[in-house]
Amino acid sequence: MHAVNRRTVLQRSAALGVAAALPTGVLAQAREGRIVLGQSAALTGPAAQLGLQFNRGARLVFDKVNASGGVAGAQIELRALDDGYEPERCRLNTERFLSDEVFALFGYVGTPTTLAALPLLTAAKVPLVAPLTGAMGLRNPFNRNVFHIRASYEDETALIVKHLTQLGLKKIGVFRQNDSYGQAGLDGVTKALQSRQLSPVAVGTVERNSSDVAAAVKTLTAARPDAIVLISAYGSCAAFIRAARQAGYGGTFFNVSFVGTQALSDALGPDARGVMVTQVVPSPFSTTSGIVRDYLAALKAADPKLKPNYTSLEGYIAARVLVDGLSRGGRGRDGLVSGLESLGTLQLGGFPLSFSARDHVGSHFVEVTMLTGDGGVRT
């Protein structure tokens with residue numbers, strides 16, 4: 001019996017392609033038939049729905065893979081730690097993950113938080129797959145350990161500015177979070193406007209995890225912009241939209257995807273009508289693409305009461321990509337990196353992706369949607 005168990009353990013270790021030179025914790029995972037992933041995300045607080053929904057979508061994939069025997073016999077374990085969307089807490093969570101020698105990091109949520117973790121994971125040479133952020137500061141310069149599934153904020157804001165200016169709306173203001181996320185969005189809007197010999201007419205700020213928007217409303221409404229681009233999380237964006245309308249502003253509100261579409265719609269209720277949002281994944285309410293059909297089937301199988309949304313679909317897509325990379329990979333963490341790079345150009349159920357050894361930004365997909373005020377989203 002002992003010989004059989006020992007042989008099974010060795011087979012699982014060999015199937016994962018793990019070398020003895022790997023950290024002891026990672027090697028132990030292989031021997032135990034586990035692949036441990038670490039996720040630092042907001043699970044409580046004003047941005048909690050972003051982390052919770054992304055995690056839920058990813059678990060739909062991991063649970064199904066595990067029920068089918070795992071990846072080369074290894075079960076995927078996703079450990080999530082709450083950072084409350086605060087950089088220092090994310091840094092501490094990352095230190096804990098690295099101390100525990102997780103195999104890889106996955107689904108970090110937010111620009112300032114992920115930037116706080118970046119030096120640590122880079123020094124440790126631990127892969128980070130699918131951070132929920134479009135900041136260029138995480139894409140340039142190129143980092144071999146980081147893989148992006150979503151389009152960048154430059155991609156999103158370029159489409160926003162194109163959409164608005166084609167409608168003749170050229171006086172554009174920006175409401176932004178007062179941190180690296182808000183700055184990344186402002187940089188994208190400014191770049192897109194400059195290409196049209198324009199610039200933001202006014203900029204208002206809000207602190208991260210705050211809904212104190214009074215000063216920003218005063219600054220922006222005084223400039224009388226045709227449209228306002230919002231670069232913040234759903235709580236502060238909802239507060240701003242309500243307060244700006246109460247102050248008499250009747251222009252267009254346009255959010256980037258990180259706002260959390262469903263969370264913003266829920267926070268605004270009927271006031272969501274006419275609010276615009278860019279999306280970096282297909283509509284989770286349409287069955288025209290295979291990836292969405294797979295997602296909806298998995299959601300229903302897990303719990304018929306669960307409702308689809310953009311953030312959990314993004315988590316689902318990210319987990320599918322990670323599993324494909326693990327399945328293709330060879331030896332340890334380098335094997336995961338090589339496996340993801342080897343995906344090349346592909347259609348994941350109709351969702352276009354492309355990875356290579358020189359490009360780890362998988363998607364530039366962006367589309368424009370509008371909230372209907374009754375919980376719906378129209379493309």
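Residues numbered from 1 in each chain as written. Predicted model: local features only at pLDDT ≥ 70, side-chain atom pairs only at ≥ 80, totals over all residues. Heavy atoms only, no water.

Asker: Summarise unusual backbone geometry; cite the residues concerned and give the values.
Answerer: Here the bond from N140 into P141 is cis, since omega is 0°, no more than 30 degrees from zero. Secondary-structure assignment places P141 in the loop between strand 4 (128-129) and strand 5 (146-147). Of note, K125 is a non-glycine position whose phi angle comes to about 60°, a positive value. Within the secondary structure layout, K125 lies in the loop between helix 5 (111-124) and strand 4. In this structure K125 comes out as exposed when scored by relative accessible area, which is 61%. Of note in this structure, N209 is not a glycine but carries a positive phi near 65°. Among the secondary structure elements, N209 is positioned in the loop between strand 7 (203-206) and helix 8 (214-223). N209 gets classed as partly exposed once you look at its relative accessible area, which sits at 28%. (Helix = DSSP H or I, 4+ residues; strand = E, 2+ residues; numbered from the N terminus. Buried < 20%, exposed > 50% of the residue type's maximum accessible area, 1.4 Å probe, protein only.)

Asker: Describe the UniProt feature "domain: Leucine-binding protein" (unreviewed entry) in the chain, listing the residues and the values that go with them.
Answerer: Per the UniProt record, "domain: Leucine-binding protein" (unreviewed entry) is found at residues 36-372. Helix makes up 44% of residues 36-372 and strand 17%, whereas the separation of the span's terminal C-alpha atoms amounts to 40 Å. (UniProt positions renumbered as here; feature names shortened; annotations may be inferred.)

Asker: Could you give me a rundown of the pairing of strand 9 (residues 252-255), with the residues and numbers involved?
Answerer: Pairing analysis gives four bridges linking strand 8 (residues 227-231) to strand 9, with the strands arranged parallel. Within strand 9, the position partnered with A227 by the bridge is T252. In this fold, the crossover linking strand 8 to strand 9 by way of helix 9 (residues 234-246) has right-handed handedness. Inspection of the sheet shows strand 9 paired to strand 10 (residues 276-279) by two bridges, in the parallel sense. Across the sheet, residue F254 finds its bridge partner in strand 10, namely M276. The handedness of the strand 9 to strand 10 crossover, carried by helix 10 (residues 261-268), is right-handed. (Pairing = 2+ DSSP bridges. Right-handed = clockwise from strand over helix to strand, strands pointing away.)

Asker: Could you give me a rundown of the side chain of S40, with the residues and numbers involved?
Answerer: Its place among the elements puts S40 in strand 1 (residues 34-41). Side chain to side chain, S40 and N93 meet in a polar contact 3.1 Å long. Apart from the residues lying within four places of it in its own chain, the contact partners of S40 are L81, D83, C90, N93, F97, G107, Y108 and V109. (Polar contact = N/O pair within 3.5 Å; in protein donor to acceptor, adjacent residues only side chain to side chain. Contact = heavy atoms within 4.5 Å.)

Asker: Can you lay out the packing of helix 12 (residues 310-328) against helix 13 (residues 332-341) for me, pointing to particular residues and giving the numbers?
Answerer: Between helix 12 and helix 13, the least distance of the axes is 7 Å, while the angle of their chain directions is 110°. The orientation of helix 12 with respect to helix 13, classified from their angle, is roughly perpendicular. Seen from above, helix 12 lies across helix 13 with right-handed handedness. Contacts from V321, L322, G325, L326 and R328 in helix 12 reach G335, L336, G339 and L340 in helix 13. The residue inventory of the contact of helix 12 with helix 13, partitioned by class, reads five nonpolar, three polar and one charged. (Axes fitted to C-alpha atoms, helices over the stretch in contact; angles between N-to-C directions. Parallel < 35°, antiparallel > 145°, perpendicular 65-115°, else oblique. Left-handed = near helix turned anticlockwise from the far one by under 90°. Nonpolar A, V, L, I, M, F, W, Y, C, P; charged D, E, K, R; others polar.)

Asker: How would you summarise the confidence of the model for the chain if you had to cite specific residues and measurements?
Answerer: Residues shown with low pLDDT carry predicted positions that ought not to be read at fine detail. On average, the chain scores 93 in pLDDT, and the residues at 70 or more come to 92%. For the chain, per-element mean pLDDT is lowest for helix 1 (residues 2-16), which scores 39, and highest for strand 8, which scores 99. With pLDDT under 50 throughout, residues 1-21 is counted as low confidence; its partners more than four residues away or in other chains account for 23 contacts. (pLDDT = per-residue confidence, 0-100.)

Asker: So what's going on with the nonpolar core? Which residues, and what values?
Answerer: Ranked by internal contacts, the top residues of the largest apolar core, which has 118 residues, are L37, F62, F106, F175, F240, F253 and L264. Looking at this core, the element that brings in the most residues is helix 12, giving 10 residues. (Core = buried A, V, L, I, M, F, W, Y, C linked by side-chain atoms within 4.5 Å.)

Asker: An account of the pairing of strand 12 (residues 351-354) is requested, with residue identities and associated values reported.
Answerer: Going residue by residue along strand 12, you find F351 and L353 tucked away on one face and P352 and S354 left uncovered on the opposite face. Pairing geometry for strand 11 (residues 345-348) and strand 12, over four bridges, is antiparallel. By the bridge assignment for strand 12, L346 is matched with L353. Hairpin remark: strand 11 followed by strand 12, antiparallel, with two residues in the connecting loop; positive phi at G349, about 60°.

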